[in-house]
Every structure is written in structure tokens, then in C-alpha cells.
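Spelled out, the chains give:
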Amino acid sequence: AQSVTQPDIHITVSEGASLELRCNYSYGATPYLFWYVQSPGQGLQLLLKYFSGDTLVQGIKGFEAEFKRSQSSFNLRKPSVHWSDAAEYFCAVDPNYGGSQGNLIFGKGTKLSVKP
Amino acid sequence: KAGVTQTPRYLIKTRGQQVTLSCSPISGHRSVSWYQQTPGQGLQFLFEYFSETQRNKGNFPGRFSGRQFSNSRSEMNVSTLELGDSALYLCASSFNAGNEQFFGPGTRLTVL
């Protein structure tokens with residue numbers, strides 16, 4: 001079955017430290033890939049997306065993600081975390097390669113806590 | 001440009017009642033998708049509308065329905081509410097399916 005896995009339910013990092021959130025997907029080919037962030041009580045905000053081309057994509061708020069076809073992964077990174085980055089992060093897949101009819105498939109999310 | 005708006009933001013209902021949630025997409029966006037978010041199941045796709053037509057539907061019972069109006073605004077309806085319907089319901093709009101989706105703040109539904 002098609003699925004998106006975020007292996008880490010909760011991660012705590014110190015402010016200023018680097019961050020990597022993991023995401024793996026299981027599909028036959030390369031789907032469209034997204035990372036969203038959700039602050040408490042809020043909707044989801046798109047951080048970045050990968051459709052094709054350069055496997056390292058830059059997003060907002062200093063985030064980047066790297067697509068690795070061989071590992072079916074799309075990990076999110078940030079070199080220096082700020083306290084305001086504390087939130088829940090969701091990896092999502094459009095399994096229809098742009099022909100989607102609206103149904104993104106989401107991972108279960110990774111909650112990020114930031115220590116001062 | 002205004003973002004996706006959802007009304008109401010919070011709703012409390014009792015079992016057996018029905019509820020209607022509203023979503024106004026970003027101006028110019030014609031595709032509206034609905035998702036249910038719960039702690040146990042995470043984010044699950046409900047359905048997608050484009051130009052007043054439902055094009056895709058997730059694996060939810062028929063108690064969940066929706067519609068889209070000519071101005072792209074969308075509503076979803078849940079009839080005969082169950083305790084398990086308590087969730088955050090998120091609406092997302094995009095210019096067309098296949099483009100990135102922009103999410104609203106959600107409607108928090110509590111069923112007592």
C-alpha cells in the first residue's frame with residue numbers, strides 16, 4: 001500500500017543546533033513531495049516542495065530538503081534551529097505525479113521541541 | 001491576497017446531530033480539498049471538488065458529504081454525528097489539483 005513514514009514522533013533539539021527530520025515513502029515511482037508545518041491550533045503551512053529536477057530544494061524559513069531516490073527519502077533539514085521552529089512537521093506525497101485530484105497522503109508527523 | 005478561510009473555527013455538537021462546515025478558497029483557486037485530522041489517524045483525505053464537481057473521494061462513510069458553489073466556496077456536511085467524528089477539519093485550496101495546496105486554519109469539531 002502507498003504510504004508515507006515519518007519514523008520520529010517527537011524530536012527535541014537545542015536552539016542553534018542543526019535539525020534533520022526524516023521522511024520515507026513507498027511508491028512505484030517518484031511522486032510529488034511536500035513538507036508542511038503546523039503550529040498549535042493552526043492549519044498547515046507549506047515549507048517546500050519537490051516535483052522534479054535538482055534533488056536539493058530550498059524552502060521558506062531557512063529549511064531545505066533532499067530527495068534521494070535510492071532511499072525513497074525526502075528528509076527536511078535546517079542548519080540552525082530557532083525557538084519559533086517548535087511545531088509539528090508533516091511530510092506529504094501527491095501519489096498521482098501532478099495528475100492528482102486533491103488527495104495528498106500525509107505522514108503521521110514529527111513534533112519538534114526546541115530547548116533554550 | 002487573502003488566505004483560505006474556514007468557518008466556524010470551533011463547533012460543539014451532540015451525537016446524532018448534523019453539522020455544516022464552510023471553506024472559502026484563495027481567490028482564483030478552483031480546487032478545494034477537505035481533510036480530517038485526528039490524533040490517532042492523522043491527516044486523512046475526505047474529498048476534492050473542482051468546478052462544482054466532486055472528482056475524488058477518500059475512504060469515509062456516506063455520512064460525510066460536500067459540495068462546491070460556482071464561486072468555488074465549498075461546504076462539507078456530516079450527518080448523524082458520532083463521537084469519533086471529533087476532529088480538526090482542514091480545507092485546502094489550489095489553482096488546480098496537482099499544484100501545491102494552501103490550507104485554512106481548520107474547524108475544530110467536538111462531538112459530545
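Above this text sits the structure in question.
Notes on the structure in this doc start here. These figures come from a predicted structure and were not determined experimentally.

### As for the nonpolar core
Here is a general trend for soluble globular proteins: nonpolar side chains tend to be buried in one another's company. Within the largest apolar cluster, 27 residues are counted, with the highest numbers of intra-cluster contacts made by L19(A), W35(A), L47(A), L48(A), F74(A), L76(A) and Y89(A). Those elements giving two or more residues to this core turn out to be strand 2 (10-14), strand 3 (19-21), strand 5 (32-38), strand 6 (44-50), strand 8 (64-68), strand 9 (73-78), strand 10 (87-94) and strand 12 (110-115) of chain A. Looking at this core element by element, the count peaks at four residues for strand 10 of chain A. Membership of the second largest hydrophobic core comes to 21 residues, among which are V4(B), I26(B), V78(B) and A87(B).

### Comments concerning the state of the cysteines
Any covalent bond linking the sulfur atoms of two cysteines counts as a disulfide. Summed over the entire model, instances satisfying the criterion amount to two disulfides over all chains. Note that C23(A) is cross-linked by a disulfide to C91(A), the S-S spacing being 2.0 Å. The sign of the S-S torsion, about -65°, decides the handedness of the disulfide formed by C23(A) and C91(A): left-handed. Of this pair, C23(A) sits in the loop between strand 3 and strand 4 (24-26) while C91(A) sits in strand 10, and the two are 68 residues apart along the sequence. We note that C23(A), like C91(A), is buried. Across a sulfur-sulfur distance of 1.7 Å, C23(B) and C91(B) are joined as a disulfide pair. Negative torsions about the S-S bond denote left-handed disulfides, and the value of about -50° found for C23(B) with C91(B) makes this one left-handed. On the criterion of sequence distance, the pair formed by C23(B) in strand 3 (residues 19-24) and C91(B) in strand 9 (residues 87-94) is long-range, its members being 68 residues apart.

### What to know about the packing of aromatic side chains
Inspection of every chain in the model, using the stated rule, returns 16 aromatic pairs over all chains. With centroids separated by 6.1 Å and ring planes inclined at 75°, the aromatic side chains of F106(A) and F103(B) adopt a geometry described as edge-to-face. Of the two residues, F106(A) sits in strand 11 (residues 105-106) while F103(B) sits in strand 10 (residues 102-103), which places them in two different chains. The same class applies to F106(A) and to F103(B), which are both buried. With a centroid separation of 5.2 Å and 65° between ring planes, the pair formed by F60(B) and F64(B) is classed as edge-to-face. On the basis of relative accessible area, F64(B) is assigned to the buried category, the value being 3%. We note K49(A) situated over the ring of F51(A); from NZ or CZ to the ring centre the distance is 6.0 Å.

### As for the interface of chain A and chain B
Tallying the contact residues gives 21 residues for chain A and 21 residues for chain B. Joining chain A to chain B, the criterion identifies one salt bridge. On the surface where chain A and chain B come into contact, there are seven residue pairs in polar contact (both at pLDDT 80 or more). Elements with a minimum of two residues in the side of chain A that touches chain B: strand 5, strand 6 and strand 10 of chain A. Looking at the side of chain A that touches chain B, the element that brings in the most residues is strand 5 of chain A, giving four residues. By residue class, the composition of the side of chain A that touches chain B is nine nonpolar, nine polar and three charged.

### Some remarks on unusual backbone geometry
Following T7(B), the chain continues into P8(B) via a peptide bond in cis, with omega recorded as -10°. Within the secondary structure layout, P8(B) lies in the loop between strand 1 (5-7) and strand 2 (10-13). Even without glycine at this site, K61(A) takes up a positive phi of about 60°. Assignment of secondary structure puts K61(A) in the loop between strand 7 (56-58) and strand 8. The exposure class assigned to K61(A) is partly exposed, which follows from its relative accessible area of 47%. Here S51(B), not a glycine, exhibits a phi torsion of approximately 50°, which is positive.

### Points about the environment of F47(B)
Residues and elements named next belong to chain B. With respect to the secondary-structure elements, F47 resides in strand 5 (residues 42-50). Residue classification places F47 among the buried positions, given a relative accessible area of 0%. Taking the C-alpha atoms as reference, F47 lies 14 Å from S22; in sequence the two are 25 residues apart. Ignoring any residue separated from it by four or fewer positions in sequence, one finds F47 in contact with V32, S33, W34, Q54, N56, K57, G58, F64, S65, G66 and M76.

### A word on the layout of surface pockets
In this structure, the largest pocket spans a volume of roughly 390 Å³. Contributing elements (two or more residues each) for the lining of the largest pocket: strand 10 and strand 12 of chain A together with strand 4 (31-38) of chain B. By residue class, the composition of the lining of the largest pocket is seven nonpolar, eight polar and four charged. Here the second largest pocket is characterised by a volume of approximately 210 Å³. Lining the second largest pocket, in full, are V4(A), I105(A), F106(A), G107(A), K108(A), Q41(B), L43(B), Q44(B), F45(B), G58(B), N59(B) and F60(B).

Calculation criteria
Residues numbered from 1 in each chain as written. Chains lettered and ligands numbered in written order. Predicted model: local features only at pLDDT ≥ 70, side-chain atom pairs only at ≥ 80, totals over all residues. Heavy atoms only, no water. Core = buried A, V, L, I, M, F, W, Y, C linked by side-chain atoms within 4.5 Å. Buried < 20%, exposed > 50% of the residue type's maximum accessible area, 1.4 Å probe, protein only. Helix = DSSP H or I, 4+ residues; strand = E, 2+ residues; numbered from the N terminus. Disulfide = S-S within 2.5 Å. Phe/Tyr/Trp six-rings, centres within 6.5 Å; stacked < 30°, edge-to-face > 60°. Lys NZ or Arg CZ within 6 Å of the ring centre and 35° of its normal. Contact = heavy atoms within 4.5 Å. Salt bridge = Lys/Arg side-chain N within 4 Å of Asp/Glu carboxyl O. Polar contact = N/O pair within 3.5 Å; in protein donor to acceptor, adjacent residues only side chain to side chain. Nonpolar A, V, L, I, M, F, W, Y, C, P; charged D, E, K, R; others polar. 1 Å grid on protein atoms, 1.4 Å probe; cavity = no way out; pocket = protein on both sides within 12 Å on 5 of 7 lines; lining within 4 Å. Points joined across faces, edges and corners; volume = space filled by probe spheres on them.

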